[in-house]
Amino acid sequence: MTKKKKDGVEEVKKQMTDIMNSIEVENLINRNEVIFSFDGSQYKVRKPSFREKQEAFQQKLKKYTSLLTDDSFMLEEALITIYKKKGINIDAITEKIQQTYTDKNNLMLKLGEALKDSSSDKETETYKNEIEGLDDKMQLLTIEKTNLLGASIEHQTMIFYFTYLAYVSTEKQGKKDKWEKAWKTFEEYENSDSGLVDKACYYTSLIAGHEEPVL
Amino acid sequence: MKLLEEKELVSYMRKLAKGYKYQNLYNLSKEMKLRLFYNDRDFSEMQIQFLSWLNFYYAIKWDIDMGDIGEKVLENFIYEESYIYWKSKNKGKDKTKNERTNKPNNEPKKSIQWIFKKE
């Protein structure tokens, strides 16, 4: 196959993937559910009901209390103090994130004005590139902060909440195509294939978003 | 569906919200009773985010139609966000036709912070 033809095939493939993804995202938005295959079975993650969210929240409270009494876990504030003693300043990272955010907003104002004034492509493109640079910087700083505070009780209970929501809102297609709970118990869920659990958690976080009750 | 990165997912949502189909539906839903989703209440965070993007693009397209801004603004996401941000900060200073007709100008949340991401 010539290079030109090969490039053409790749381009069509890319466009097809793009269309398929777009249809799937549209479906996800419209129906609030995702159906996926894993290990030869069909699974469905749907929007959790109010009762299921209440159940997950109760479990989250239990988890929070149990972590509070466990000396190997710390609240975010205590963790920040320990990091400080070791020379890692989380507050400084937070300040850097805020400063970058302010810088970005200032550039966005300039770019917005430039667009309104029909300024040259060169000017608007320069602003755009600078904003992209700040976005990358902000993303790296946020990842750094999240990684450092990942062990905190607050973070762990948040993860637990979504993990539990995934457990209650994932279904498996059974006999006669009937959807039934994917796992009978939370223990069974915890011991199942991590690939399946990861997928269920990922889709749950997409569907449930920020619907986590605040402690 | 393959596991999409947060950025990719938001990008698909924005493209859908910007497109003719949903802009038209959104516009019509203001005049008549139309359902954009299978559910008509208890919207998920993702649906709220999508509605917010619909409103965002509706505001930009309205301004383009009114001649307040050129079509160049739709070239990329950063142009779009910057224009709406600039506009929200300049309310009253330079009244656009959009504001004179009390059209919506809500800046959507930048993104949903997904808890679990693609590995």
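The following paragraphs examine the structure supplied in this document.

What counts, and where the lines are drawn
- Residues numbered from 1 in each chain as written.
- Chains lettered and ligands numbered in written order.
- Predicted model: local features only at pLDDT ≥ 70, side-chain atom pairs only at ≥ 80, totals over all residues.
- Helix = DSSP H or I, 4+ residues; strand = E, 2+ residues; numbered from the N terminus.
- Contact = placed C-beta atoms within 7 Å.
- Axes fitted to C-alpha atoms, helices over the stretch in contact; angles between N-to-C directions.
- Parallel < 35°, antiparallel > 145°, perpendicular 65-115°, else oblique.
- Nonpolar A, V, L, I, M, F, W, Y, C, P; charged D, E, K, R; others polar.
- Pairing = 2+ DSSP bridges.
- Buried ≥ 20, exposed ≤ 12 C-beta atoms within 10 Å, placed from the backbone.

Residues and elements named next belong to chain A. Counting through the fold element by element, Gln173 comes out in strand E3 (residues 170-173). Distance from Gln173 to Ile207, taken between C-alpha atoms, is 19 Å for residues 34 residues apart in sequence. If we ignore the near neighbours within four places in the chain, the residues touching Gln173 are Ser41, Gln42 and Trp179.

Right, let's talk about the packing of helix H6 (residues 153-169) of chain A against helix H8 (residues 194-208) of chain A for a bit. All names here are of chain A. Following both chains from N to C, one finds H6 and H8 inclined at 95 degrees, their axes separated by 9 Å at the closest point. Between H6 and H8, the interaxial angle falls into the category roughly perpendicular. Contacts between H6 and H8 involve Phe162, Thr163, Leu165, Ala166 and Ser169 from the former and Ala200, Cys201, Thr204, Ser205 and Ala208 from the latter. Per-class residue counts for the contact of H6 with H8 are six nonpolar, four polar and no charged.

Another aspect to go through is the interface of chain B and chain A. Contacts between the two partners involve 34 residues from chain B and, on the opposite side, 38 residues from chain A. At the level of elements, helix H1 (6-18), helix H3 (45-65) and helix H4 (77-89) of chain B are the ones that each hand at least two residues to the side of chain B that touches chain A. With nine residues, H4 of chain B is the single largest residue contributor to the side of chain B that touches chain A. Its residues assigned to classes, the side of chain B that touches chain A comprises 22 nonpolar, six polar and six charged.

With that settled, the discussion passes to the pairing of strand E2 (residues 41-46) of chain A. All names here are of chain A. For strand E1 (residues 33-38) and E2, the ladder comprises six bridges, and the chain directions are antiparallel. Bridge pairing links Ser37 to Gln42 in E2. Hairpin connection, E1 to E2: the antiparallel pair is bridged by two residues, and Asp39 has positive phi, about 50 degrees. In terms of strand pairing, E2 meets E3 through three bridges, oriented antiparallel. Paired with Val45 across the two strands is Thr170, which belongs to E3.

We now examine the environment of Glu24 of chain A. Among the secondary structure elements, Glu24 of chain A is positioned in helix H1 (residues 3-31). When the 18 C-beta atoms within 10 Å are taken as the criterion, Glu24 of chain A is described as partly exposed.

All quantities given are derived from atomic positions and should not be read as evidence of function.
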